[in-house]
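What the coordinates show
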Amino acid sequence: MKKVVFYLNQFFGQIGGEDKADYPPHLEAKAVGAAAAFSKQLKSAEVTHTLICGDNYYNENKDAANDFIRSALEEIRPDLLIAGPAFNAGRYGMACAGVTELAHKLSIPAISGMYEENPGVEMARKYCLIVATADSSSHMREALKDLAALAQKVLDGEDISPERDGYLAQGYRRTEFSDKIGAERAVDMLLARLQNKPFVTELPMPKFDAVEPAPAISDLSTATIALITTGGIVPLGNPDKLQSASAQKWLKYDVDKLDQLQGTYCTIHGGYDPVYANEKPDRVAPLDLLRHLEKTGVIGKVYPYFYTTTGTGTAVANSVTFGQEIGQELKNAEVSGAILTST
């Protein structure tokens, strides 16, 4: 009987909810929660161990978490690692990505399950197979069924493909033999397209959002400019508990009486070294320079509210929502333009 190790976060590992997100990793010598339901669907393998770790703990203490997980995997030497499914939970997805990367380095095959817009997808795609799931855990039953079906094929050494087995394409190009040369295949595809017949391209192209740029500001000297950052800049103590990764919200603060952020603001961002940002947060969100431009007449005025969120690991769907909400608010306030800084 082949061995499978299953990685779960604190919620699906039956430890607790958000209040247990800082839970350090531990190992159970049995199938727990979703891992038990998954194990029952396997034919030639079983989940012998469950790794459980809080989402915040993993993302904020990655080295320590990986040391524990690496030690466990080296001792167990499973035939397969399963991580998730994380659905559209960004922090969970990033943790699954980290764990599958670790398994890859140990030459242990790994499978995860995520919604296609989970930020963990791009991180994990090259290290593991990712079963495409719905965006919420209400679809856990279907996700576990799809995970188990793919896992069984991997364990049995069967041929698999994204189209047939429902996992997200990894972007690898593999050599295959054909009885037609490239020119003939290209003409066949062109004829099929012209006749509205189905065909499959041999080189799918990435899809990008096309965003039309706003018209230039005609007169900066009368313009109201807002300041926005994804660098996790918040008041000291982070009173509104902005997430350090996989942000679930954006915040705004009144800076109308401030000439700079230094002394009253800091960063809680989990994706870069905070030393220089904490020393002078205006390096990330340059309120001081905007005030200088305001006082010297280069711009009309600085918008009294400053907007902030955390960019690292934040789901694309959340990012789109944040942008629409902040943009609408600025439009309603007749703001002329905005400075948006990253890290």
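A quick note: this is a predicted structure, and the numbers were derived from the prediction, not measured. Per-chain numbering applies: the sequence of each chain, read as written, is numbered from 1 onward. Two thresholds apply to this predicted model, a pLDDT of at least 70 for residue-level local features and 80 or more for giving and counting side-chain atom pairs, whereas whole-chain, interface and lining totals are computed over all residues. Side-chain numbers come from the whole structure's heavy atoms, not from hydrogens or water.

**Some details on the pattern of salt bridges**
Salt bridge, as used here, is a side-chain nitrogen of Lys or Arg placed within 4 Å of a carboxyl oxygen of Asp or Glu. Tallied over the entire structure, the rule returns 13 salt bridges. Between Asp165 and Arg164 there is a salt bridge, and its shortest N-O distance comes to 3.9 Å. For the exposure calls, accessible area comes from a 1.4 Å probe over protein chains only, and a residue counts as buried if that area is under 20% of its type's maximum, exposed if over 50%, partly exposed in between. Accessibility expressed as a relative area gives 15% for Asp165, which makes it buried. Across the pair Glu329 and Lys252 runs a salt bridge, and its minimum N-O distance is 2.6 Å.

**Overview of the layout of surface pockets**
By volume, the largest pocket amounts to about 2000 Å³. The rule is simple: put a 1 Å grid over the protein atoms alone, call a set of points where a 1.4 Å probe fits but cannot get out a cavity, call an open set with protein on both sides within 12 Å along at least five of seven lines a pocket, and count a residue as lining if it has an atom within 4 Å of a point. In this structure, the largest pocket is lined by 38 residues; those nearest its centre are Glu163, Ala169, Gln170, Gly171 and Pro204. Each residue belonging to the lining of the largest pocket can be placed in one class, and the counts come to 18 nonpolar, 8 polar and 12 charged. What the second largest pocket holds in volume is close to 320 Å³. Grid points are joined across faces, edges and corners, and a volume is the space filled by probe spheres set on the points. Lys, Arg, Asp and Glu make up the charged group, whereas Ala, Val, Leu, Ile, Met, Phe, Trp, Tyr, Cys and Pro make up the nonpolar group; the residues left over, Gly among them, are polar.

**Observations regarding unusual backbone geometry**
A cis amide bond links Gly84 to the next residue, Pro85, at an omega of 5°. By secondary structure assignment, the location of Pro85 is in strand 4 (residues 80-87). Phi angles above zero are rare outside glycine, and Gln14 is one such case at about 65°. As for its position among the elements, Gln14 is in the loop between strand 1 (2-9) and strand 2 (26-28). A run of H or I in DSSP counts as a helix once it spans at least four residues, and a run of E counts as a strand once it spans at least two, with each numbered from the N terminus.

**Details of the packing of helix 3 (residues 62-76) against helix 4 (residues 90-105)**
Note on definitions: angles span 0 to 180 degrees between N-to-C directions of axes, and those axes are lines fitted to C-alpha atoms, for helices only across the stretch in contact. Interhelical geometry of helix 3 versus helix 4 gives an angle of 45° and a closest axis separation of 10 Å. If you check the angle between helix 3 and helix 4, you find them oblique. The two elements helix 3 and helix 4 cross, and the hand of that crossing is right-handed. When helix 3 is examined against helix 4, the residues Lys62, Asn66, Ile69, Arg70 and Leu73 are found in contact with a partner set consisting of Gly98, Val99, Glu101, Leu102 and Ala103. We call two directions roughly parallel when the angle between them is under 35 degrees, roughly antiparallel when it is over 145, roughly perpendicular when it lies between 65 and 115, and oblique otherwise. Note on convention: the crossing is left-handed when the near helix lies turned anticlockwise from the far helix by less than a right angle, right-handed when the turn is clockwise. Residues are treated as being in contact if the distance between any of their heavy atoms lies within 4.5 Å.

**Comments concerning empty space enclosed by the protein**
Summed over the entire model, instances satisfying the criterion amount to 1 cavity of 30 Å³ or more. There is about 40 Å³ of room inside the largest cavity. For the largest cavity, the full set of lining residues is Leu227, Val255, Leu261, Leu287, Val302, Tyr303, Tyr305 and Phe306. Per-element tally for the lining of the largest cavity: the top contributor is strand 11 (residues 301-308), with 4 residues. Tallied by class, residues from the lining of the largest cavity come to 8 nonpolar, no polar and no charged.

**Notes on the sheet that holds strand 9 (residues 251-254)**
The strand order across the open sheet built from 4 strands is 9-11-7-12, with neighbouring strands paired in mixed fashion. On the outer flanks of this sheet lie strand 9 and strand 12 (337-341), each paired with one strand and no other. Pairwise comparison of adjacent strand axes, ignoring direction, gives a mean angle of 25° for this sheet. Summarising the sheet, strand 7 (residues 224-229) and strand 11 pair through 5 bridges and their orientation is parallel. Its bridge partner lying in strand 11, Thr229 is registered against Thr308. The strands touched by helix 10 (residues 287-295) within the sheet are strand 7, strand 11 and strand 12, with strand 11 carrying the most contacts at an inclination of about 165°. Running over the sheet, helix 11 (residues 316-332) touches strand 7, strand 9, strand 11 and strand 12 and is turned about 160° from strand 11. Pairing between strands is defined by DSSP: at least two bridges between them are needed.

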